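Observations on chain architecture
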Amino acid sequence: MNDRLSRYPRSAGLDEADVQLRLMQAGDEPGVAAFAAELPTHDLLFLRRDITVPKVLSAWIEELQAGTITSLVAMQGDEVVGCTAVVVDPRSWSPHVGELRVLLARSMREKGLGRVLIQESFALALSLGLEKLTAQMTADQQAAIAVFEGMGFRAEALLRDHVRDRQNVKHDIVILSHDVADFQAKLEQYGLNDAF
Ligand SMILES: CC(C)(COP(=O)(O)OP(=O)(O)OC[C@H]1O[C@@H](n2cnc3c(N)ncnc32)[C@H](O)[C@@H]1OP(=O)(O)O)[C@@H](O)C(=O)NCCC(=O)NCCS
């Protein structure tokens, strides 16, 4: 097993809440469905598929088993309060690129959990040998954009009217990216790669 994956389960290390991080696995579908059902649709628009649909959740679990998605769930007791995905397509012309998705329960935001999950996903991406990470979100998610930019992601593209919500309203999508390979090279230069 990838060394990085064997680090889980582990505590998210938050002061304000006891949150455990572990790899998502088969059987998590009901917990993730309950978590997704509590979120406003607008928070789901950056995902390529609607995760409130059971078939989409089943497909997600299949991709975990195939190794094309690596996902963490953040658990508070038995409740899913957040999840991540690093999505790769090894058969595409971009096998070196991963797409990062992070989603938290509204009650868990602005407590530092988003930063922890992005850092964990970043480390997972390095362990998977990825060179570049992208993250996409609706252009009006100013908070999410600020969080990712604060962690070194930079805006790379704007896709106009790219997603359509349940009321048929279209929204722009912004794509941010991070040069993970360059980041790892810098860590190695400073002898910090084991620390991360
Ligand atoms: C984006 C998201 C994961 C951020 O999680 P979070 O737990 O609220 O973020 P954190 O509390 O860890 O904050 C991380 C940093 O961003 C800053 N930040 C948080 N909310 C902010 C806001 N509203 N405006 C500006 N900066 C903000 C924090 O100050 C922190 O910076 P610091 O560590 O230098 O203090 C969460 O808001 C979310 O699930 N959004 C909906 C889904 C989404 O849009 N995901 C992004 C697409 S992948």
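Residues numbered from 1 in each chain as written. Predicted model: local features only at pLDDT ≥ 70, side-chain atom pairs only at ≥ 80, totals over all residues. Heavy atoms only, no water.

1. With respect to the overall build of the protein
Helix and strand counts for the protein stand at 5 helices and 9 strands. Helices and strands appear in the protein in the N-to-C order β-β-α-α-β-β-β-β-α-β-α-β-β-α. In terms of overall dimensions, the protein is globule-like: its C-alpha atoms have a radius of gyration of 16 Å, near the 16 Å expected for 196 residues. Here the C-alpha coordinates of the protein stretch approximately 50 × 40 × 35 Å along the principal axes. A buried classification covers 44% of the 196 residues belonging to the protein. A sequence separation of at least 24 residues applies to 62% of the contacts in the protein between residues at least 6 apart. If you sum the accessible surface of the protein, you get close to 10700 Å²; carbon and sulfur atoms cover 48% of it. (Helix = DSSP H or I, 4+ residues; strand = E, 2+ residues; numbered from the N terminus. Rg over C-alpha atoms; globule rule 2.2 N^0.38 Å. Buried < 20%, exposed > 50% of the residue type's maximum accessible area, 1.4 Å probe, protein only. Contact = heavy atoms within 4.5 Å. Areas by Shrake-Rupley, 256 points an atom, 1.4 Å probe, with all protein chains shown as cover.)

2. Focus on the packing of helix α1 (residues 29–37) against helix α2 (residues 54–66)
Contact geometry for α1 and α2: axes closest at 10 Å, N-to-C directions at 130°. In terms of orientation, α1 lies oblique with respect to α2. You can see that α1 and α2 cross each other, and the crossing is right-handed. The segment α1 lies against α2, with Glu 29, Val 32 and Ala 33 engaging Leu 57, Trp 60 and Ile 61. (Axes fitted to C-alpha atoms, helices over the stretch in contact; angles between N-to-C directions. Parallel < 35°, antiparallel > 145°, perpendicular 65-115°, else oblique. Left-handed = near helix turned anticlockwise from the far one by under 90°.)

3. Points about the site of the ligand
Taken together, 21 residues sit near the ligand, with Leu 104, Glu 110, Gly 112, Gly 114 and Arg 115 positioned nearest. Within the backbone of Val 102, a nitrogen or oxygen atom sits 2.9 Å from a nitrogen atom of the ligand. Note that an oxygen atom of the ligand is positioned 2.9 Å from one of the backbone N or O atoms of Gly 112. In the complex, the protein chains occlude 73% of the 960 Å² of accessible area that the ligand would expose alone. When contributions to the shell around the ligand are tallied by element, the ones reaching two or more residues are β6 (97–104), α3 (113–127), β7 (132–138) and α4 (142–150). Residues of the shell around the ligand, tallied by class, amount to 12 nonpolar, 4 polar and 5 charged. (Near = heavy atom within 4 Å. Polar contact = N/O pair within 3.5 Å; in protein donor to acceptor, adjacent residues only side chain to side chain. Nonpolar A, V, L, I, M, F, W, Y, C, P; charged D, E, K, R; others polar.)

4. Points about the pattern of salt bridges
In total, this model carries 11 salt bridges according to the counting rule given. Between Arg 7 and Glu 120 there is a salt bridge, with the nearest N and O atoms lying 3.8 Å from each other. Highlighted residues: Arg 7 in the segment before β1 (10–11) and Glu 120 in helix α3, separated in sequence by 113 residues. The exposure class assigned to Arg 7 is partly exposed, which follows from its relative accessible area of 32%. Exposure remark for Glu 120: the relative accessible area of 8% places this residue in the buried category. Linking Glu 16 and Lys 111 is a salt bridge whose minimum nitrogen-to-oxygen distance equals 3.7 Å. Taken together, the residues span a long stretch of sequence, with Glu 16 in the loop between β1 and β2 (20–23) and Lys 111 in the loop between β6 and α3 at a distance of 95 residues. Under the relative-accessibility criterion, Glu 16 is labelled exposed at 58%. Accessibility expressed as a relative area gives 29% for Lys 111, which makes it partly exposed. Residues participating in the shared-partner salt-bridge network are Arg 7, Arg 10 and Glu 120. (Salt bridge = Lys/Arg side-chain N within 4 Å of Asp/Glu carboxyl O.)

5. Describing the nonpolar core
The biggest cluster of nonpolar side chains holds 59 residues, and the ones touching the most others in it are Val 19, Trp 60 and Leu 113. Ranked by the residues each element gives to this core, the list is headed by α3, at 8 residues. Apart from residues lying up to four places away in sequence, Trp 60 is in contact with Met 24, Val 32, Ile 51, Ile 69, Ser 71, Cys 83, Thr 84 and Ala 85. (Core = buried A, V, L, I, M, F, W, Y, C linked by side-chain atoms within 4.5 Å.)

6. Quick word on the pairing of β2
Successive side chains on a regular strand alternate, one facing one side of the sheet and the next facing the other. Looking at chain direction, β1 and β2 are connected through 2 bridges and run antiparallel. Within β2, the position partnered with Arg 10 by the bridge is Leu 21. Pairing between β2 and strand β4 (residues 72–76): 4 bridges, direction antiparallel. Across the sheet, residue Leu 23 finds its bridge partner in β4, namely Leu 72. (Pairing = 2+ DSSP bridges.)

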